Amino acid sequence: QDGPLFAAHARQSPCWRTTRAATPAAARTSTWTASTMAYRPAREGNLLSLYINNRAGGLIFHRDFSPNAAKLDTNEQMQLASTFSGLALIMGQLAPSRPSSGMQLLEADGFLLQSFDSPTGIKFFLTAEPDAKGLDLVLREVYTYYADYVLKNPFYEMDMPIQKGGKFCQKLDRMVAQVQDRR
């Protein structure tokens, strides 16, 4: 049984997915679910939430993009974000090859979690509905906005929470609206 934080994101018990395809193009169009071994055609899913963690694993920014996102209070958001960071570190240490980039994608029945590690050690986590595509590109765009509108702000201190309502949030909301419209 999963904890309440993961259960809030995954409407069902998590299940690892494996993709079986002869070509990369075929991998984008079909998914085999390991728990049921049922074939499901791919569909585009909505973005749910964005978490940005500092180098110590603390939450510095969170934004929900969908009414389907888990309804978490501030403490639960902080616990979930630090759990994501810890999980990414553990997966990096378990990797058979060194150096490993750690966790990049976690697939469950109720959600996807895509991770991006910046060169400065900031971790970006994006949750989305199952079978969402292009999450890595979305995270790279978020990182570009972070670098342009947060790091270049002379009043921002590294590893501190990001102010809501600034240019970063405006650009983020505009980009997410465009991504959601394409889905």
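Here's a quick rundown of the structure. Every value quoted in this text rests on a predicted model; they were computed, and no experiment measured them. (Residues numbered from 1 in each chain as written. Predicted model: local features only at pLDDT ≥ 70, side-chain atom pairs only at ≥ 80, totals over all residues. Heavy atoms only, no water.)

Let's talk about the overall build of the protein chain
The secondary structure content of the protein chain amounts to five helices and eight strands. Reading the helices (α) and strands (β) of the protein chain from amino to carboxyl end gives α-β-α-β-β-β-β-α-β-β-β-α-α. In the protein chain, buried positions account for 42% of the 183 residues. Long-range pairs, those at least 24 residues apart, make up 53% of the contacts in the protein chain between residues at least 6 apart in sequence. (Helix = DSSP H or I, 4+ residues; strand = E, 2+ residues; numbered from the N terminus. Buried < 20%, exposed > 50% of the residue type's maximum accessible area, 1.4 Å probe, protein only. Contact = heavy atoms within 4.5 Å.)

Digging into the pattern of salt bridges
The tally for this structure, following the rule as stated, stands at four salt bridges. Residues Arg63 and Asp173 are paired through a salt bridge, measuring 2.5 Å at the closest nitrogen-oxygen approach. Residue Arg63 is found in strand 5 (residues 59-64), and its partner Asp173 is found in helix 5 (residues 167-182); the two are separated by 110 residues along the sequence. One salt bridge in this structure joins Lys123 and Asp117, with 3.2 Å as the shortest N-O distance. (Salt bridge = Lys/Arg side-chain N within 4 Å of Asp/Glu carboxyl O.)

Focus: the packing of helix 4 (residues 135-151) against helix 5
Running from N to C, helix 4 and helix 5 point in directions that differ by 160 degrees, and their axes come no closer than 9 Å. By the angle class used here, helix 4 and helix 5 are roughly antiparallel. Helix-helix and strand crossings are classified by hand; for helix 4 and helix 5 the assignment is right-handed. Every residue of helix 5 that contacts helix 4 at Val138, Glu141, Val142, Tyr145, Tyr146, Tyr149 and Val150 is listed here: Lys167, Phe168, Lys171, Leu172, Met175 and Val179. (Axes fitted to C-alpha atoms, helices over the stretch in contact; angles between N-to-C directions. Parallel < 35°, antiparallel > 145°, perpendicular 65-115°, else oblique. Left-handed = near helix turned anticlockwise from the far one by under 90°.)

Description of the environment of Asp117
Looking at the secondary structure, you find Asp117 in strand 7 (residues 112-117). Through-space distance from the C-alpha of Asp117 to that of Arg140 is 9.6 Å; in sequence the pair is 23 residues apart. A distance of 3.2 Å separates a polar atom in the side chain of Asp117 from a polar atom in the side chain of Lys123. (Polar contact = N/O pair within 3.5 Å; in protein donor to acceptor, adjacent residues only side chain to side chain.)

Some details on the pairing of strand 7
Among the six residues in strand 7, five count as buried, and that is most of the element. Note that strand 6 (residues 105-107) and strand 7 share three bridges and pair antiparallel. Of the residues in strand 7, the one forming a bridge with Leu105 is Gln114. Between strand 6 and strand 7, which pair antiparallel and follow one another directly, the connecting turn spans four residues. Pairing geometry for strand 7 and strand 8 (residues 123-128), over six bridges, is antiparallel. (Pairing = 2+ DSSP bridges.)

Points about the sheet that holds strand 7
Judged by pairing direction, the sheet is antiparallel, and its five strands sit side by side in the order 5-4-8-7-6 without closing on themselves. The open sheet has two edge strands with one neighbour each: strand 5 and strand 6. Each neighbouring strand pair of the sheet contributes to a mean axis angle of 15 degrees, computed without reference to strand direction. Against the sheet, helix 4 engages strand 4 (47-53), strand 5, strand 7 and strand 8, with an angle of about 135 degrees to strand 8.

Structural notes on the nonpolar core
Ranked by internal contacts, the top residues of the largest apolar core, which has 29 residues, are Tyr146 and Phe168. Mapped onto this core, the elements with two or more residues apiece are strand 4, strand 5, strand 7, strand 8, helix 4 and helix 5. Sorting elements by how many residues they give to this core places helix 4 first, with eight residues. Counting residues in hydrophobic clusters, the runner-up holds 15 residues, among them Tyr51, Leu80, Ala81 and Phe111. (Core = buried A, V, L, I, M, F, W, Y, C linked by side-chain atoms within 4.5 Å.)

Describing helix 5
Compared with the 22 Å implied by 1.5 Å per residue over 16 residues, the 23 Å span of helix 5 between its first and last C-alpha is a close match. Within helix 5, burial applies to Phe168, Cys169, Leu172, Met175, Val176, Val179 and Gln180. Along the long axis of helix 5, the arc covered by the buried residues comes to 135 degrees, so they all point the same way. In helix 5, the exposed positions angled more than 90 degrees off the buried face are occupied by Lys167, Asp181 and Arg182. Buried residues along helix 5 sit against strand 4, strand 5 and helix 4. (Expected span 1.5 Å × (residues − 1). Arc of directions from axis to C-beta.)

Interpretation in functional terms is not warranted from these geometric data alone.
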